[in-house]
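Chain by chain, the residues run as shown.
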Amino acid sequence: MDKKVVRSVSSGRNSVPANKKNRGYFYLVFLSVIIIGLAAGSCKNSEPNWLRGNMHTHTFWSDGDEFPESVARWYKENGYDFLAMTDHNTILAGERWKNFPEDHATLHKYVEEYGTEWVEMHSHEEEGTQRVRLKTLEEFRSMYEEPGKFLLVMGNEISNPHAVHLLGFHQDRVIPAIQGTVNEREEMIRRTVENMKAYREETGINAHPALAHPNFRWAITAEMMLNVPELRFFEVFNGHPMVNNTGDESRASTDRIWDIVLANRLISGDGELLYGLATDDAHNYHGGGAGPGRGWVMVRSEELSPEAILDAIDKGDFYASTGVKLKDIQFNGKNLKIKIEPQEGIEFTTEFIGTQKGVDTTGKPTLDAEGNEIENTTMTYSGEIGKVLASSQSLTPSYRFTGDELYVRIRITSSADHIDPNTGKLLGKQRAWVQPHVQTN
């Protein structure tokens, strides 16, 4: 039998026989496939990147009780990724001075920590008073911002009269407050939303206003929100002690308002999904009742930039929290799943809350205990609006749409206490709110 001739692939001195080179090529391809498969599997199973941020904060620029530099430092040192500065009807730009008594403890601490070269002040004409220039965001931004680690966002709380407040974000100018009477609160909301839309179209900045604390002074009703269908964001949780998040025996909670608005909008086809934020509304940094660290948003974004954060919020790709942490939220158009980050010794109750198609959305006047109609309060609606469709104690709960739901949103309640990090006061139980979803297949 003739010997098989083995040809070289090349004629060089270090040429490799064809059969061996082919085997090597096969092994190389095989190894590459394995590596690519493992990488793909890793990407598929990797958990999303969540950015923690507070979107409602006050400083000495309006009615807060701390210098903005110190406020920014608190949030950075306490594990936040971004902070929106939202003082009332102002942005942290231009020249602003504030008077302090010479013995003011916060001023003394400020000078001690930042130094006399940084702090610009002089004696005021009023004896015993120091006049201090407040630093702009651009002046102190570089102290705390780090690419990919911490971001400061310019904003303002557009504070219309009669407790009609909306938050604006990523602004280079003040969106003016709308003046009006107590009976024109709905119009104030509408015109503020319109002004923000004009700003968005002019600048290309994807910033939508968020209605702040609707139950503050019982100012805003679900019906007002329904009559402004372009309003897309509101605070389901606000950390200020005077905002009545939970309602009372006669008035709707913010959770209840959320469902009333969602059900009515989706049945009528007038308006978009309403998304809920949790915020601090921090004013007090020295033991007062409205301190930092009470509520925040977790935004799914690979990039820490104002544009990426606002784009994710625009899509509803975030959740609100007062302590509960989620590893993942998944929705394929029909199945809604979440993964809760476990805590030793802590239990979680997940409620899938929704409203089914065909429900009666007619509201009736809300009455007090004596049967008298309560003025300027959210009407009373069917208990079928915003009912618990399913609940679970699993760390990986899921809900499969049946086709009868207008929407489904999620509220998770932890057995862990929600403790004010500044005062140690018990605020309730830790919670998280996942944005509403609508079946698409």
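Relevant structure appears above.
Draft legend 1. Main features of the nonpolar core. Of all hydrophobic cores here, the largest spans 48 residues; its most connected members are Phe140, Leu326 and Ile412. Of all hydrophobic cores here, the second largest spans 37 residues; its members include Val193, Val243, Trp258 and Tyr407.

Draft legend 2. Representation of the pairing of strand S1 (residues 50-54) within the structure. Burial analysis of S1 places 5 of its 5 residues in the buried class, which makes it a mostly covered element. On S1, burial covers both faces: Trp50, Arg52 and Asn54 on one face and Leu51 and Gly53 on the other are all buried. Pairing analysis gives 4 bridges linking S1 to strand S11 (residues 296-300), with the strands arranged antiparallel. Bridging across to S11, Arg52 finds its partner in Met298. Note: S1 against strand S2 (residues 82-85), 2 bridges, orientation parallel. Across the sheet, residue Asn54 finds its bridge partner in S2, namely Leu83.

Draft legend 3. Seen up close, the sheet that holds strand S3 (residues 97-101). Ordered in space as S3-S5-S4, the 3 strands form an open sheet in which the pairing is antiparallel. Lying at the two open borders of the sheet, with one neighbouring strand each, are S3 and strand S4 (121-123). Each adjacent strand pair in this sheet contributes to an overall mean axis angle of 25°, direction not counted. On top of the sheet, helix H3 (residues 105-114) reaches S3, S4 and strand S5 (129-133); it is set at about 50° to S5, its chief contact.

Draft legend 4. Summary view of the packing of aromatic side chains. Here the structure, examined in full by the defined rule, presents 17 aromatic pairs. Ring centres 6.3 Å apart and planes at 85° place the aromatic pair Tyr80 and Trp296 in the edge-to-face group. In this pair, Tyr80 sits in the loop between helix H2 (68-77) and S2 while Trp296 sits in strand S11, placing the two residues 216 residues apart along the sequence. The class for Tyr80 is buried, based on a relative accessible area of 3%. One aromatic cluster is present, built from ring pairs that chain together Phe60, Phe67, Phe100, Tyr110 and Tyr114. A cation over a ring is seen here: Arg52 above Tyr80, with NZ or CZ 3.9 Å from the ring centre. Over the face of the ring belonging to Trp296 we find Arg52, whose NZ or CZ atom lies 3.9 Å from the ring centre.

Draft legend 5. A look at the environment of Thr377. Residue placement: Thr377 occurs in the loop between strand S15 (348-356) and strand S16 (387-392). Taking C-alpha positions, Thr377 is 9.5 Å from Leu367, a pair spaced 10 residues apart along the chain. When residues no more than four places from it in sequence are discounted, the contact partners of Thr377 are Thr221, Glu223, Arg251 and Thr366.

Draft legend 6. Main features of helix H8 (residues 306-314). Of all the residues in H8, the buried ones are Pro306, Ala308, Ile309, Leu310, Ala312 and Ile313. Positive phi appears at Gly316, one or two residues downstream of H8, with a value of about 75°.

Rules used throughout
Residues numbered from 1 in each chain as written. Predicted model: local features only at pLDDT ≥ 70, side-chain atom pairs only at ≥ 80, totals over all residues. Heavy atoms only, no water. Core = buried A, V, L, I, M, F, W, Y, C linked by side-chain atoms within 4.5 Å. Buried < 20%, exposed > 50% of the residue type's maximum accessible area, 1.4 Å probe, protein only. Helix = DSSP H or I, 4+ residues; strand = E, 2+ residues; numbered from the N terminus. Pairing = 2+ DSSP bridges. Axes fitted to C-alpha atoms, helices over the stretch in contact; angles between N-to-C directions. Contact = heavy atoms within 4.5 Å. Phe/Tyr/Trp six-rings, centres within 6.5 Å; stacked < 30°, edge-to-face > 60°. Lys NZ or Arg CZ within 6 Å of the ring centre and 35° of its normal.

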